[in-house]
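Architecture at a glance
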Amino acid sequence: MELDDVKAHRPRQGWVLGLLLDVSLILLPVPLVVMVPPVMACRHMETNVGFYAGESFGTCARDGIAKRWALLDSRVKMLVRQSGR
């Protein structure tokens, strides 16, 4: 076997980079879409209105993120089941 034959039979490694790029483009925006709006709403509420006794910025943000995550989860499940049409 010559060197050209070995290179011809070696699988390409570019698909791994492409796969990692695709996965990162899907997984990176999801946390931003889920986390940023509730945090910004809680910041707005903290500066303009304030919190009631026993509430804090952390609990407000956690509750908002949990609600958005549950909404995203239910919408993905509807799409998978094709029941949202």
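Residues numbered from 1 in each chain as written. Predicted model: local features only at pLDDT ≥ 70, side-chain atom pairs only at ≥ 80, totals over all residues. Heavy atoms only, no water.

Before going further, it helps to spend a moment on the overall build of the chain. If you tally the helices and strands in the chain, you get 4 helices and 0 strands. Going from N to C terminus, the chain has its helices and strands arranged as α-α-α-α. (Helix = DSSP H or I, 4+ residues; strand = E, 2+ residues; numbered from the N terminus.)

Turning next to a nonpolar patch on the surface. Where nonpolar side chains cluster on the molecular surface, the patch consists of W15, V16, L19, L20, V23, I26 and L27 and spans about 700 Å² of accessible area. If you trace the backbone, I26 turns up in helix 2 (residues 14-27). (Patch = residues over 30% accessible without salt bridge, like charges linked within 9 Å, V, L, I, M, F, W, Y side chains within 5 Å. Areas by Shrake-Rupley, 256 points an atom, 1.4 Å probe, with all protein chains shown as cover. Salt bridge = Lys/Arg side-chain N within 4 Å of Asp/Glu carboxyl O.)

By the definition in use, this model includes 1 disulfide. Through a disulfide, C42 is tied to C60; the S-S separation comes to 2.0 Å. Given an S-S torsion of about -90 degrees, the disulfide between C42 and C60 has left-handed geometry. Of this pair, C42 sits in helix 3 (residues 29-48) while C60 sits in helix 4 (residues 57-81), placing them 18 residues apart in sequence. (Disulfide = S-S within 2.5 Å.)

Our next topic: the packing of helix 3 against helix 4. What describes two packed helices is the angle between their axes and the distance between those same axes. Interhelical geometry of helix 3 versus helix 4 gives an angle of 145 degrees and a closest axis separation of 8 Å. Crossing of helix 3 against helix 4: the hand is right-handed. Contacts between helix 3 and helix 4 involve V30, V33, V34, M35, P37, P38, V39, C42, R43 and E46 on the former and, on the latter, F57, C60, A61, G64, I65, R68, W69 and L72. Classifying every residue of the contact of helix 3 with helix 4 gives 14 nonpolar, 1 polar and 3 charged. (Axes fitted to C-alpha atoms, helices over the stretch in contact; angles between N-to-C directions. Left-handed = near helix turned anticlockwise from the far one by under 90°. Contact = heavy atoms within 4.5 Å. Nonpolar A, V, L, I, M, F, W, Y, C, P; charged D, E, K, R; others polar.)

Once that is clear, we can look at the pattern of salt bridges. Under the counting rule described, the total for this entry stands at 1 salt bridge. A salt bridge links D73 to K77, with the shortest nitrogen-to-oxygen separation between them at 3.2 Å. In this pair, D73 and K77 are both assigned in helix 4, 4 residues apart and thus about one turn of the helix distant. Judged by relative accessible area, D73 falls into the partly exposed class, the value being 35%. (Buried < 20%, exposed > 50% of the residue type's maximum accessible area, 1.4 Å probe, protein only.)

Attention now moves to helix 3. Residues that lie three or four places apart on an α-helix share one face, since the helix turns once every 3.6 residues. Between its first and last C-alpha, helix 3 extends 28 Å over 20 residues, near the 28 Å set by a 1.5 Å rise per residue. The principal kink in helix 3, of about 25 degrees, is found at M35, preceding the proline P37 by one to four residues. Residues of helix 3 that are buried: V34, P38 and C42. Residues of helix 3 that are buried sit in contact with helix 4. (Expected span 1.5 Å × (residues − 1). Bend = angle between axes of the 7 residues up to and from the residue.)

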